[in-house]
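Residue-level structural notes
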Amino acid sequence: MKFHEMDINEVEKALDADFSSGLSMEQATKRIKQLGYNELEEGEKQSALLLFFSQFKDFMVLVLLAATLISGLLGEYIDAIAIIAIVITNGFLGFFQERRAEKSLQALKELSAPQVHVLRDGEWVRIPSKEVTVGDILRFTSGDRIGADVRIIESKSLEIEESALTGESLPVAKHNDPLHADNPGIGDMENIAFMGTMVTRGSGTGVVIATGMKTAMGQIANLLQTAEASDTPLQRRLEQLGKILIVAALFLTVLVVVIGVIQGNDLYTMFLAGVSLAVAAIPEGLPAIVTVALSLGVQKMIKKNAIVRKLPAVETLGCASVICSDKTGTLTQNKMTVTHLWSGGKNWTVDGVGYEPSGQFYHGENPIQVQEEKSLQQMLLFGMLCNHSRLINNEDDIALDGDPTEGALLVSAMKAGFDRDKLLNEFTIINEFPFDSARKMMSIHVRDSGGRHFIITKGAPDVLIGVSESILWEGRLQHFGTDMAGKVQDAINTLASKALRTIAIAFKSVPADTVILSELEAEKNLTFIGVQGMIDPPRPEVKQAVKECKEAGIKTIMITGDHVITAKAIAEQLGIYTNKSKVLDGKALANMSVDDLEDEVENVSVFARVSPEHKLKIVKALQNRGHVVAMTGDGVNDAPAIKAADIGVAMGITGTDVAKEASALVLLDDNFATIKAAIKEGRNIYENIRKFIRYLLASNVGEILVMLFAMILGLPLPLVPIQILWVNLVTDGLPAMALGVDLPEENVMKRKPRSPKEGVFSRGLGWKVVSRGFLIGAMTLLAFMIVYHNDSSKLSYAQTVAFATLVMAQLIHVFDCRSEKSVLSRNPFGNMFLVWSVISSLALVLVVIYYPPLQPIFHTLPIAGKDWLLIIGLSSIPTFLLAGSFLARKTK
C-alpha cells in the first residue's frame with residue numbers, strides 16, 4: 001500500500017489501528033505471530049570449517065595439491081611436504097582475511113533501536129524494538145532512533161537525519177500531510193520515518209507500517225544477502241594460468257613417454273620420468289609469492305590512509321575503469337558552507353574551508369570589510385543570534401554540534417568577526433518560536449543593550465517574502481511591493497541555479513512593553529534583509545584527483561541521493577560533468593531495466609535522487625558493459641552496491657559499520673584523492689605480479705627444456721630432482737619476492753586501465769617467458785654438455801656446473817624482468833631488495849656447492865675457477881643477447 005499518499009484517517013483504517021489507544025497486547029501478539037518479529041534476518045552462515053576448506057577451491061591450489069599427490073606417489077617426499085606447507089599457509093591467510101568480511105548484517109542489526117515508546121492498551125510503555133508490529137503507535141523525540149518504518153501522525157518541528165539511508169547529511173523536516181508525487185524516493189517521503197534513522201529536532205508520533213525485512217532498512221539487508229561478490233581479475237588470471245600449466249604438464253608427460261618408448265626405454269620408467277618432469281613444470285612458490293606481494297601492498301596502502309580488508313582487492317584497484325562515488329562526504333566535505341550572500345540589490349561572496357571560522361568577503365572581485373556594508377553586517381549578526389549551533393574544536397578538526405544549516409550561518413558570521421557569546425552579552429533572548437515544517441521559519445524575540453526589542457526571523461525565502469511588508473534596499477527601508485518581490489525572487493533564483501540552498505533573514509522592531517505570545521503575531525509585517533546561499537562544497541583536492549583518474553583512463557561517476565541541480569553543479573565544479581555527458585535521476589532509473597541502462601550508462605556522469613536498488617542496478621549495468629567498477633560510499637544505502645562492485649570502498653571516518661563491513665577497502669581519511677593513490681599502488685602491484693610470474697615461469701621453462709632436450713639427445717639428466725626443488729623454492733623465491741616490492745615504472749598513471757579479459761601472457765609476456773626460458777635451458781644444457789664431453793666419468797660434476805649455470809642465468813635474468821623493455825632501461829640498483837636477494841640466493845647456491853655436509857644431499861661437487869668463467873659467460877647470454885637486439889631496434 002502507498003501509505004504516503006493516504007491521509008491519516010485512511011491509514012488508520014487500512015492498518016486496522018487505533019490512534020487513541022494503540023493495539024491491545026492480544027492484537028500485538030497475534031500480529032507478531034503472523035508477521036514475525038521486527039528484526040533483520042540473516043542469511044545462512046558458513047561455518048568456520050567450511051570457510052577454511054573453501055580456501056582450497058582455487059584452481060591453482062588444486063593444481064598444487066595434485067602435484068603434492070604425484071610427488072608423494074613418486075617418493076619425492078621433501079617436494080610433497082614443501083608444497084603442502086605452502087598450500088596450508090595460503091589457506092590460513094585467506095581464512096583469517098575472510099573471517100571478518102561478512103559482518104554487514106550484524107552491523108545493520110545494531111542500527112535498529114533497542115527500545116521504543118509504544119502505545120499499548122491506552123498507555124505509553126517502553127518495549128524492545130523487536131516486539132513492535134504493524135499498527136503500533138510509536139512516540140519519538142530528539143535523539144531517538146526510529147524503531148520501524150512509520151507513517152507520521154503528528155509532527156512538532158520534527159526533523160530526522162536519514163544519511164544512513166540516503167547518504168545526505170541534512171535533516172529532513174517531517175509532516176503528516178499526504179504526498180502525491182509519482183514514485184518518490186526515500187529522501188522525498190516527508191511523511192514517513194524510516195527504521196534506523198535519527199530524530200535530530202522536535203518530536204512526533206507515527207503508526208508502524210512495516211517491520212523487519214519489509215522496512216527500507218530490511219530491503220537493504222536483503223540486497224546485501226543477494227549481492228554476489230565477483231571474482232577479482234587476478235583470481236581469474238591465476239585460474240587461467242593454472243589451466244595452462246596443467247595442459248603443459250600433461251603434454252610434457254605424454255611427450256616424454258612417447259620419446260622414451262621410441263628410443264626403446266621401458267614404458268613404466270618413462271611414465272615416472274614424464275610425471276616427474278611435469279611436477280617440475282609447476283612453480284610451487286607462485287601462490288605464496290602472490291600472497292606475500294599482496295600483503296606487502298596492504299602495508300603500503302596503510303601508509304597512504306587506506307586499509308585493505310580483502311587481499312585481492314589491492315590488485316583489482318589497478319584495473320578499475322570506473323569509480324562510482326557517493327557525493328556527500330566523499331567528493332564533498334559534508335560541511336554546509338555559505339558561499340554567496342545577497343541583500344538590498346547587492347551580491348557578495350565569501351571564501352574559506354569547512355567550519356574554519358576564517359574567510360574573506362568579496363563584492364565582485366574586490367575584497368570588502370563587512371563593517372562597511374550595514375545590511376550585510378545586520379544579516380550576518382541576526383543569522384548568528386537566531387541559531388542554536390556551536391563549533392567544537394577537536395585536536396585535528398573543527399566539528400559542528402547542531403543543525404548543518406545553522407552551522408553554515410554561524411560560521412559565515414564568525415568569518416565577519418562576530419562572536420556568539422559576546423553577542424549574547426549584548427542581546428537577551430526573551431522568547432523563541434522554534435522552526436517547524438509547516439511554517440518553515442524560526443523566530444526569536446530579543447532585547448539589545450539599549451533596551452530596544454526586535455523579532456528576528458530566519459526561514460525559507462519564499463515564505464519570508466510572504467510575511468514581509470518592507471525591505472532594506474541600498475541602506476534604506478522601502479515598501480515591499482510586487483516589483484521589489486520580483487527582484488528578490490530573481491536573486492533567489494540566481495542562487496538556486498548555482499545549486500545553493502537559500503535561507504532568508506528578516507526582522508522587525510517591536511515596542512518594549514509588547515508581549516508576543518504566538519508565531520502568527522511575531523512573524524508578520526517583517527522587514528526583509530537578505531538571503532544567504534550555502535552548499536556542501538567539494539573537497540579542495542578532489543578536482544585534481546578526478547583529473548588524474550581521467551588521464552589514467554578512469555571515469556568518475558557521481559551517485560547521490562541529492563537533487564539534480566545540486567549534484568550537477570558539484571559534478572561540474574569537479575570536472576565530472578561536461579556538456580557531452582548526461583544526468584539521470586531516480587525516477588528515470590526506476591523505469592529502466594538493467595539492459596536499458598546498459599545502453600545509456602556510458603554517457604551518464606551523474607545519477608541523482610537514487611535509492612539503494614538503483615545503485616546496485618548502476619553497478620551491474622557498468623559491469624555488464626565490461627567495466628571493472630569501484631564503488632565508494634559511507635552510508636547504509638551504499639552497502640549493497642559496495643559489496644556487488646568489483647571493489648567496494650568505504651569511508652573510515654563518516655562511514656557506517658555496514659558500509660565498512662561490505663567493503664574491500666576503507667579510506668582512513670575519507671578522501672577521494674586517496675583512491676587515486678591506491679589505484680596507482682594497485683597498478684604497480686599487478687605489474688610486479690606479472691614480473692615475478694615472468695621470472696618464475698621463464699626459470700621453469702628453462703628447467704623443463706634442459707631435461708627434455710637431454711632426453712631427446714639421449715644424454716643423462718643434467719639436473720637431479722632435489723636441485724630443481726632447491727631452485728624452485730629457494731633460489732627463485734627470494735628474487736621473486738623482491739620483484740613484488742619493485743617501484744613503479746614511469747607513466748604508470750598515464751596508461752589506460754587493463755581490460756578485465758586481459759590474459760596473464762598478454763602484452764608479449766608469453767613470448768618473453770618462452771624465449772628467455774629457451775635460452776636459459778639451452779645455455780644450461782650447453783654448459784652440461786661441454787663439461788660432460790670433456791670427462792664423461794664426472795657426471796655429478798657436470799650436473800653441478802649445469803645447476804650453477806641455471807641459477808646464474810636466472811639471477812641475471814631477474815633484472816631483465818623489472819622492465820617491459822630491456823634490462824638496460826632501468827637502474828639495477830633502483831630496487832636494493834632485489835640486489836640483496838640476488839646476493840643471498842647466490843650465497844645459498846655457493847653453500848650447497850662448497851659446504852661438504854650438503855654436497856651428498858644435493859649431489860654437488862666443488863667447481864673449479866676456470867669453469868666459473870664458462871658458467872658466467874653462458875648464463876649472461878639469455879639476458880644480454882635479447883637486450884642487444886632491443887637496442888639495435890631502438891637505434892633504427
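Here is what the cut-offs are and how they apply
Residues numbered from 1 in each chain as written. Predicted model: local features only at pLDDT ≥ 70, side-chain atom pairs only at ≥ 80, totals over all residues. Heavy atoms only, no water. Helix = DSSP H or I, 4+ residues; strand = E, 2+ residues; numbered from the N terminus. Buried < 20%, exposed > 50% of the residue type's maximum accessible area, 1.4 Å probe, protein only. Areas by Shrake-Rupley, 256 points an atom, 1.4 Å probe, with all protein chains shown as cover. Core = buried A, V, L, I, M, F, W, Y, C linked by side-chain atoms within 4.5 Å. Contact = heavy atoms within 4.5 Å. Axes fitted to C-alpha atoms, helices over the stretch in contact; angles between N-to-C directions. Parallel < 35°, antiparallel > 145°, perpendicular 65-115°, else oblique. Left-handed = near helix turned anticlockwise from the far one by under 90°. Nonpolar A, V, L, I, M, F, W, Y, C, P; charged D, E, K, R; others polar. Polar contact = N/O pair within 3.5 Å; in protein donor to acceptor, adjacent residues only side chain to side chain. Arc of directions from axis to C-beta. 1 Å grid on protein atoms, 1.4 Å probe; cavity = no way out; pocket = protein on both sides within 12 Å on 5 of 7 lines; lining within 4 Å. Points joined across faces, edges and corners; volume = space filled by probe spheres on them. pLDDT = per-residue confidence, 0-100. Pairing = 2+ DSSP bridges. Patch = residues over 30% accessible without salt bridge, like charges linked within 9 Å, V, L, I, M, F, W, Y side chains within 5 Å. Salt bridge = Lys/Arg side-chain N within 4 Å of Asp/Glu carboxyl O. Expected span 1.5 Å × (residues − 1). Phe/Tyr/Trp six-rings, centres within 6.5 Å; stacked < 30°, edge-to-face > 60°. Lys NZ or Arg CZ within 6 Å of the ring centre and 35° of its normal.

Check the secondary structure of the protein chain and you find 34 helices and 28 strands. A burial count over the protein chain gives 56% of its 892 residues as buried. On the protein chain, roughly 37900 Å² of surface is accessible, and the fraction owed to carbon and sulfur atoms is 57%.

If you look at the biggest cluster of nonpolar residues, it comprises 125 residues, and the most contacted ones within it are F528, F692, I693 and F803. For this core, the element with the highest residue contribution is helix α27 (residues 672-712), accounting for 15 residues. Excluding residues that lie within four positions of it along the chain, I693 makes contacts with L238, L241, L286 and V760. If you look at the next biggest cluster of nonpolar residues, it comprises 55 residues, including F3, I186, M189 and A650.

Quick look at the packing of α27 against helix α30 (residues 765-790) now. In contact at an axis separation of 7 Å, α27 and α30 are set at 40 degrees when each is read in the N-to-C sense. When the axis of α27 is compared with that of α30, the two are oblique. Along this stretch, α27 crosses α30, giving a crossing that reads as right-handed. Here R690, R694, L697, A698, V701, G702, L705, V706, F709 and A710 of α27 lie close against α30, whose contacting residues are L765, K768, V769, V770, R772, G773, F774, I776, G777, T780 and L781. Here the residues of the contact of α27 with α30 sort into 13 nonpolar, 4 polar and 4 charged.

With respect to the helices, strands and loops of the structure, S699 is situated in helix α27. Judged by relative accessible area, which is 0%, S699 ranks as buried. Ignoring anything within four residues of it in the chain, the contact list for S699 reads D732 and Q810.

Topologically, Q532 is positioned in strand β22 (residues 526-535). For Q532, a relative accessible area of 0% puts it in the buried group. Of the polar contacts made by the side chain of Q532, one reaches the side chain of S412; its length is 2.9 Å. Each residue touching Q532, except ones within four places of it in the same chain, is listed here: V338, H340, L341, M379, L380, L409, S412, R501, T502 and I503.

Considered for burial, the residues of helix α23 (residues 594-601) that qualify are L597, E598 and V601. Seen along its axis, α23 keeps its buried residues to an arc of 110 degrees; they face one direction. More than 90 degrees from the buried face of α23, the exposed residues found are D595 and D599.

Evaluated as defined, the whole model comprises 5 cavities of 30 Å³ or more. Quantified by volume, the largest cavity comes out at close to 80 Å³. Residue classes in the lining of the largest cavity are distributed as 4 nonpolar, 5 polar and 2 charged.

Relative to the assigned elements, I307 resides in strand β8 (residues 306-308). Judged by its relative accessible area of 34%, I307 falls in the partly exposed class. Sequence-wise, I307 and A678 are 371 residues apart; in three dimensions their C-alpha atoms are separated by 9.9 Å. Setting aside chain neighbours within four positions, we find I307 in contact with A664, L665, V666 and L668.

Another aspect to go through is the confidence of the model for the protein chain. Per-chain confidence: the protein chain averages 84 in pLDDT, with 88% of residues scoring 70 or above. A low-confidence stretch, residues 100-113 (pLDDT under 50), is modelled with 38 contacts involving residues beyond four sequence positions or located in other chains.

Attention shifts here to the sheet that holds strand β23 (residues 555-559). Strand order in the open sheet formed by 8 strands is β8-β28-β27-β26-β9-β23-β25-β24, with mixed pairing between adjacent strands. Edge strands, defined here as strands with exactly one partner in the open sheet, are β8 and β24 (582-585). On average, adjacent strands in this sheet sit at an angle of 20 degrees to one another, irrespective of strand direction. Set on the sheet, helix α21 (residues 564-574) makes contact with β23, β24 and β25 (604-608); between it and β25 the angle comes to about 145 degrees. The strands that α27 touches are β8, β9 (322-326), β23, β26 (629-633), β27 (647-651) and β28 (665-667); relative to β9, the one it contacts most, it runs at about 160 degrees.

Attention now moves to unusual backbone geometry. The residue K440 is not glycine, and still its phi comes out positive at about 60 degrees. Topologically, K440 is positioned in the loop between β16 (428-436) and β17 (441-447). We classify K440 as partly exposed; its relative accessible area is 40%. Of note in this structure, D670 is not a glycine but carries a positive phi near 55 degrees. Relative to the helices and strands, D670 resides in the loop between β28 and α27.

Here we come to a nonpolar patch on the surface. Together, Y77, I81, I84, I88 and F92 line one region of the surface with nonpolar side chains, adding up to about 490 Å² of accessible area. I88 gets classed as partly exposed once you look at its relative accessible area, which sits at 38%.

Residue placement: L765 occurs in helix α30. Taking the C-alpha atoms as reference points, L765 and R690, 75 residues apart in sequence, are found 8.1 Å from one another.

Our focus in this paragraph is the pattern of salt bridges. Taken as a whole and judged by the stated rule, the model has 27 salt bridges. R201 serves as the salt-bridge partner of E406, at 3.4 Å between the closest nitrogen and oxygen. Highlighted residues: E406 in helix α15 (residues 404-415) and R201 in strand β7 (residues 198-210), separated in sequence by 205 residues. One salt bridge in this structure joins E602 and R625, with 3.3 Å as the shortest N-O distance. Residue E602 is found in the loop between α23 and β25, and its partner R625 is found in the loop between α24 (612-624) and β26; the two are separated by 23 residues along the sequence. Connected through shared salt-bridge partners, E159, R201, E406 and K458 make up one network.

Our focus in this paragraph is helix α32 (residues 832-850). Under the 1.5 Å per step criterion, the end-to-end length of α32 is 27 Å for 19 residues, consistent within 8% with the ideal 27 Å. Of all the positions in α32, only L834, V835, S837, V838, S841, V845, V848 and I849 are classed as buried. For α32, the arc enclosing every buried residue in end-on projection is 165 degrees, short of the 170-degree limit, so these residues lie on one face. Opposite the buried face of α32, by more than 90 degrees, sit the exposed residues F833 and W836.

The next thing to look at is the packing of aromatic side chains. By the definition in use, this model includes 7 aromatic pairs. Measuring from centroid to centroid gives 6.1 Å for F709 and F774, while their planes differ by 80 degrees, and the two rings are edge-to-face. Placement of F709 in helix α27 and of F774 in helix α30 is noted, with a sequence separation of 65 residues between them. Owing to a relative accessible area of 22%, F709 belongs among the partly exposed residues under this scheme. Owing to a relative accessible area of 41%, F774 belongs among the partly exposed residues under this scheme. Between the aromatic rings of F784 and Y788, the centroid separation amounts to 5.4 Å while the plane-to-plane angle is 5 degrees, which identifies the pairing as stacked. Of this pair, F784 and Y788 both sit in helix α30, 4 residues apart, which is roughly one turn of that helix. The rings of F382, F454 and F507 are connected pair by pair, giving a single aromatic cluster. When the ring centre of W124 is taken as origin, the NZ or CZ atom of R139, which lies over that ring, is 4.5 Å away.

Moving on to the pairing of strand β10 (residues 337-343). By the criterion of burial, β10 is predominantly enclosed, with 6 of the 7 residues buried. One ladder, built from 6 bridges, connects β10 with β22; its direction is antiparallel. By the bridge assignment for β22, T337 is matched with I535. Sheet topology note: the β10/strand β11 (residues 346-350) ladder contains 4 bridges and is antiparallel. Bridging from a neighbouring strand, W342 pairs with N347 of β11. If you look at the hairpin formed by β10 and β11, you'll find 2 residues sitting between the two strands, and G344 has a positive phi there, around 55 degrees.

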